[in-house]
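Working through the structure, step by step
For reference, the chains in residue letters:
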Amino acid sequence: MNKFSRIGFILAAAGSAVGLGNIWRFPYITGEYGGGAFIIVYLLAILFIGLTVFLAEAVIGQNGQSDVSTSFISLSKSKNENWKFAGFMVAAGLIILSFYSVVLGWILDYVITSFSSLPTEASVAGANFEKLISDDIGSLLVYHTLIAGTVIFIVLKGIKEGIEKINLILMPLLGLILFGLLIYALSLDSFSQAVSFMFTPDFSKIDSHALLAALGQAFFTLSLGVGTILTYSASLPKEANFVKSSVMVAIVDTSIALIAGLIIFTFLFTAGAESAAGPGLVFISLPVIFSGWGVLGHVIAISFFVALVFAGITSAVSMIEPALRFFIERFNISRRSATIICGGTFYVLGIVALLSMSKSFGAELTFFGKNAFDIMDFMSSSLMMPIAAIMICIFLGYFVDKKVLEEKFTTHTSQTIFNIWYFLIRYLVPVAIIVLLLNKLGAI
Ligand code: PFF
């Protein structure tokens with residue numbers, strides 16, 4: 001059977017969770033919201049909301065041992081076929097993958113250019129980055145094709161030989177690179193400054209925007225609302241302890257985000273650079289810092305961007321898997337055919353996303369004031385993921401037999417943990433996500 005081993009599942013789910021969200025996005029939003037207090041809010045969001053939804057996806061998947069739609073139907077009290085519409089969430093993964101592959105392409109460019117040159121000034125670094133994403137269509141197409149090809153190659157091989165194997169290789173390598181970078185950061189004077197920036201809370205910096213950013217980040221980083229965790233858990237042997245595995249994944253994911261933050265802030269403070277530089281933090285601020293460190297700077301730059309590529313690839317394969325499983329099970333087609341359909345879709349959408357950021361085609365691919373790249377990001381991360389998450393909560397809280405869930409949880413954990421989880425999934429989490437969704441829609 002094409003199933004994960006327990007460690008394979010933990011590594012693959014951690015591989016999905018640990019991605020650009022941890023190493024690129026987490027540090028820059030932490031920087032924007034002022035550090036320590038934001039991190040406390042983020043940790044609470046992971047613990048009470050992210051982990052709750054993670055366990056929810058895991059229990060649906062492990063029980064169903066099938067695709068998103070079939071797993072929903074089989075766990076529902078009524079066995080109502082309409083639960084098949086829950087399968088819409090697998091489309092979100094394909095949309096995210098489209099632009100995620102483009103961003104991974106930018107990083108590939110950084111790996112390559114880091115061998116030869118690094119910009120010595122922020123203005124040059126900014127101009128280089130701008131030129132890459134808006135002017136250099138040829139290179140971007142090559143990079144996107146390389147990334148898409150790699151993802152397709154891996155998933156074609158299946159769960160065990162493809163996904164589990166790549167995670168068994170890349171995750172330890174990623175850990176090793178980050179460990180090396182952390183040791184280097186520890187040797188720098190600014191390390192203590194980074195620690196105090198990240199762990200000394202100043203709650204005056206926390207407003208409703210920060211709360212919602214923390215919640216959104218908790219969702220994205222744990223790969224929730226796309227059916228990824230559900231689909232991976234469907235390949236987890238039925239007797240495996242899904243509670244323990246889920247907690248481990250959340251711990252690994254959070255630790256890596258914090259370590260990435262410590263490394264990046266140490267580097268920034270060493271150079272006296274700005275911590276609130278936004279999305280350009282990694283693409284613009286860091287290369288300038290590395291350029292001041294001579295040969296060592298090149299080595300660090302290459303290691304850092306390679307780590308990002310590794311983290312991104314293991315996330316990318318997890319975004320397509322829910323759609324593959326959906327097509328395989330619901331339409332009874334081969335993995336190969338499903339991969340051609342889903343791979344082709346995200347590849348083409350990625351090209352649209354890529355062109356929409358360019359000078360030459362940007363105008364044609366801009367609708368209602370947003371380019372196609374931003375529209376895909378908005379549709380998936382701001383609309384589909386929260387809607388799917390709300391649906392998951394309402395499904396488990398109100399349309400599944402409580403006794404069935406209780407039995408699944410208490411086989412592996414205490415009654416108290418189950419009671420807390422059940423309360424959160426019925427009341428607190430759906431309300432929190434509805435608030436997040438309304439905010440994204442500009443309604444509040
Ligand atoms: N968790 C990934 C990250 O932090 O980069 C992003 C992600 C992966 C989102 C898989 C959604 C998904 F299904």
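This text follows the structure it describes.
Since the model is a prediction, treat every value here as computed from it, not as a measurement. (Residues numbered from 1 in each chain as written. Predicted model: local features only at pLDDT ≥ 70, side-chain atom pairs only at ≥ 80, totals over all residues. Heavy atoms only, no water.)

What follows is about the environment of Leu186. Within the secondary structure, Leu186 is located in helix 8 (residues 158–186). Residue classification places Leu186 among the partly exposed residues on the basis of a relative accessible area of 48%. In this structure the C-alpha to C-alpha distance between Leu186 and Ala56, which are 130 residues apart in sequence, comes to 38 Å. (Helix = DSSP H or I, 4+ residues; strand = E, 2+ residues; numbered from the N terminus. Buried < 20%, exposed > 50% of the residue type's maximum accessible area, 1.4 Å probe, protein only.)

Another point: the site of the ligand. Near the ligand lie 15 residues; those nearest to it are Ala17, Gly21, Tyr100, Phe220 and Thr228. With respect to the ligand, the backbone of Leu20 contributes an N or O atom lying 3.1 Å from an oxygen atom. In isolation the ligand has 340 Å² of accessible area, and contact with the protein removes 100% of it. Residue composition of the shell around the ligand, by class: six nonpolar, nine polar and no charged. (Near = heavy atom within 4 Å. Polar contact = N/O pair within 3.5 Å; in protein donor to acceptor, adjacent residues only side chain to side chain. Areas by Shrake-Rupley, 256 points an atom, 1.4 Å probe, with all protein chains shown as cover. Nonpolar A, V, L, I, M, F, W, Y, C, P; charged D, E, K, R; others polar.)

With 170 residues, the main nonpolar core has Phe72, Trp106, Phe290, Phe304, Phe305, Leu396 and Trp421 as its most contacted residues. Considering every element that reaches this core, the biggest residue donor is helix 5 (residues 89–116), with 17 residues. If sequence neighbours within four positions are ignored, Trp106 has contacts with Phe129, Leu132, Ile133, Leu140, Phe283, Met357 and Phe373. (Core = buried A, V, L, I, M, F, W, Y, C linked by side-chain atoms within 4.5 Å. Contact = heavy atoms within 4.5 Å.)

On to the environment of Ser360, then. Note on placement: Ser360 falls in the loop between helix 15 (335–356) and strand 1 (366–367). C-alpha separation for the pair Ser360 and Ile137, spaced 223 residues apart in sequence, amounts to 9.1 Å.

Across its 14 residues, helix 10 (residues 208–221) extends 20 Å between first and last C-alpha, which sits within 8% of the 20 Å expected from 1.5 Å per residue. Burial analysis of helix 10 places 11 of its 14 residues in the buried class, which makes it a mostly covered element. When helix 10 is considered as a whole, its buried residues turn out to be Ala210, Leu212, Ala213, Ala214, Leu215, Gly216, Gln217, Ala218, Phe219, Phe220 and Thr221. Two to three positions downstream of the cap, the backbone nitrogen of His209 sits 3.2 Å from a side-chain oxygen, assigning the N-cap of helix 10 to Asp207. Immediately downstream of helix 10, the backbone of Ser223 shows phi near 60 degrees, a positive value. (Expected span 1.5 Å × (residues − 1).)

Quick look at the pattern of salt bridges now. Inspection of the entire model under this criterion finds seven salt bridges. The salt bridge involving Lys160 is made with Glu164; its shortest N-O contact spans 3.3 Å. Of this pair, Lys160 and Glu164 both sit in helix 8, four residues apart, which is roughly one turn of the helix. Its relative accessible area of 6% is what places Glu164 among the buried residues. Across the pair Lys205 and Asp202 runs a salt bridge whose closest N-O atoms are separated by 3.5 Å. Judged by its relative accessible area of 32%, Asp202 falls in the partly exposed class. (Salt bridge = Lys/Arg side-chain N within 4 Å of Asp/Glu carboxyl O.)

A separate point is the side chain of Ser358. Turning to its location among the elements, Ser358 is positioned in the loop between helix 15 and strand 1. Separated by 2.6 Å, the side chain of Ser358 and the backbone oxygen of Leu355 make a polar contact. Ignoring sequence-local partners within four residues, the contact set of Ser358 consists of Ile133, Ser134 and Ile137.

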